Amino acid sequence: LCMSNSLMYPKKDGEYIHNSIPEPLYNKLLKADFTTELVDGYSGGETYKIAYQTLSNRMKLIVYAPVSDINLQRNSIILQSIIISILVLSVIMIFTIRMTNKIIGPLKIITDATKRFSEGDWQADIQCNTNDELMELTESIKIMAGNTKSFIGEINDIGGICLSLFLGIAMITLKLWQLAELAL
């Protein structure tokens, strides 16, 4: 309730407390023709947000609160939001790191084994304990390595046979040369 140059509000015991409104703000409130406005006010070195409405009897209903109280709640909400955001981001980072390691770890094992295969170490074994596409890839690489080792063994066997045949043909050719020389 605004009377003269003071704010009056009731206490619990029924008495009214008077609080002085600074002169510039009081003059602004008196001259206002619109129904509501949110303005800054100053009293005792503290800033207030003041909202008022002109009533039908031309009195003004005034509600005010120190900016520090308004900001305290806002700042508390902002701080809670920041803390929750940090916690959520931390959980997301931990989850992402774990998922990345779950994928990267088996890929490193597969990469090391395929490097050893490429260097001719066909005894290299791949151990992948997952139940996903990486396990299928591991099994395919093991089969490929086994087949390649088998093919190389077969090629070596064929090479040995070819070498034996070549040596046999060379021996026969030599014998034929020797016989041809004797006959001449």
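Model, not experiment: these values are computed from the prediction.

S.K.: Sorry, what's going on with the overall build of the chain here?
M.R.: Scanning the chain for helices and strands turns up three helices and six strands. Along the chain, helices (α) and strands (β) appear in the sequence β-β-β-α-β-β-β-α-α when read from the amino end. Partitioning the intrachain contacts of the chain with sequence separation of at least 6 by distance along the chain shows that 24% fall at a separation of at least 24. Carbon and sulfur atoms provide 65% of the accessible area of the chain, an area that totals close to 14,200 Å².

S.K.: Would you mind going over the pattern of salt bridges with me for this structure?
M.R.: Close approach of charged atoms allows side chains with opposite charge to pair. The final tally for this structure, using the stated rule, is one salt bridge. Put simply, K142 and E139 hold a salt bridge, and the shortest N to O gap is 3.8 Å. Of the two residues, K142 and E139 both sit in helix α3 (residues 133-183), three residues apart, roughly one turn of that helix.

S.K.: I keep staring at the packing of helix α2 (residues 67-118) against α3 and nothing clicks. Help me out?
M.R.: Helix-helix packing is characterised by the crossing angle of the two axes and by the distance between the axes. One way to put it is that α2 packs onto α3 with a least axis distance of 11 Å and a crossing angle of 5°. Taken together, the axes of α2 and α3 lie roughly parallel to each other. Note on element contacts: α3 touches α2 through L134, L137, T138, I141 and A145, opposite K102, I103, P106, L107, I110, T114 and F117. Grouping the amino acids of the contact of α2 with α3 by side-chain chemistry returns nine nonpolar, two polar and one charged.

S.K.: What should I look at first to understand the side chain of T138 in this one?
M.R.: As for its position among the elements, T138 is in helix α3. T138 sits in the buried class, given a relative accessible area of 1%. Excluding residues within four positions of it along the chain, T138 makes contact with I110, I126 and C128.

S.K.: Before we go on, may I ask you to explain the nonpolar core in this structure?
M.R.: Side chains of a nonpolar character, in soluble globular proteins, are inclined to be buried together. Formed by I110, A113, F117, A124, I126, C128, L134, I141 and A145, the largest nonpolar core amounts to nine residues. Those elements that provide at least two residues to this core are α2 and α3. Those residues within four positions of A113 in sequence are excluded, and the remaining contacts are A124 and I126.

S.K.: Can you walk me through α3 in this structure?
M.R.: Because an α-helix completes one turn every 3.6 residues, residues spaced three or four positions apart along the sequence face the same direction. With 51 residues, α3 should cover 75 Å at 1.5 Å per step; its first-to-last C-alpha distance of 73 Å lies within 8% of that length. Three or more residues of α3 are buried, namely L134, T138, I141 and A145. Considering only its buried residues, α3 is in contact with α2. Where α3 begins, the capping side chain belongs to D132, and its oxygen is found 3.1 Å from the backbone nitrogen of L134.

S.K.: Just checking my understanding: could you explain α2 for this structure?
M.R.: In this model α2 runs 73 Å from its N-terminal to its C-terminal C-alpha over 52 residues, within 8% of the 76 Å that 1.5 Å per residue would give. Within α2 the residues assigned to the buried category are V67, P106, I110, A113 and F117. Looking one or two residues past α2, G120 carries a phi angle of roughly 95°, positive in sign.

S.K.: Any chance you could explain the confidence of the model for the chain here in plain terms?
M.R.: When pLDDT is averaged across the chain, the result is 77; 74% of the residues are at 70 or more. Taken element by element, the chain is modelled with least confidence in strand β1 (residues 2-3), mean pLDDT 44, and with most confidence in α2, mean pLDDT 89.

S.K.: Help me understand the environment of L137 in this model?
M.R.: Structurally, L137 can be placed in helix α3. Separated by 30 residues in the primary sequence, L137 and L107 place their C-alpha atoms 9.6 Å from one another.

What counts, and where the lines are drawn
Residues numbered from 1 in each chain as written. Predicted model: local features only at pLDDT ≥ 70, side-chain atom pairs only at ≥ 80, totals over all residues. Heavy atoms only, no water. Helix = DSSP H or I, 4+ residues; strand = E, 2+ residues; numbered from the N terminus. Contact = heavy atoms within 4.5 Å. Areas by Shrake-Rupley, 256 points an atom, 1.4 Å probe, with all protein chains shown as cover. Salt bridge = Lys/Arg side-chain N within 4 Å of Asp/Glu carboxyl O. Axes fitted to C-alpha atoms, helices over the stretch in contact; angles between N-to-C directions. Parallel < 35°, antiparallel > 145°, perpendicular 65-115°, else oblique. Nonpolar A, V, L, I, M, F, W, Y, C, P; charged D, E, K, R; others polar. Buried < 20%, exposed > 50% of the residue type's maximum accessible area, 1.4 Å probe, protein only. Core = buried A, V, L, I, M, F, W, Y, C linked by side-chain atoms within 4.5 Å. Expected span 1.5 Å × (residues − 1). Polar contact = N/O pair within 3.5 Å; in protein donor to acceptor, adjacent residues only side chain to side chain. pLDDT = per-residue confidence, 0-100.

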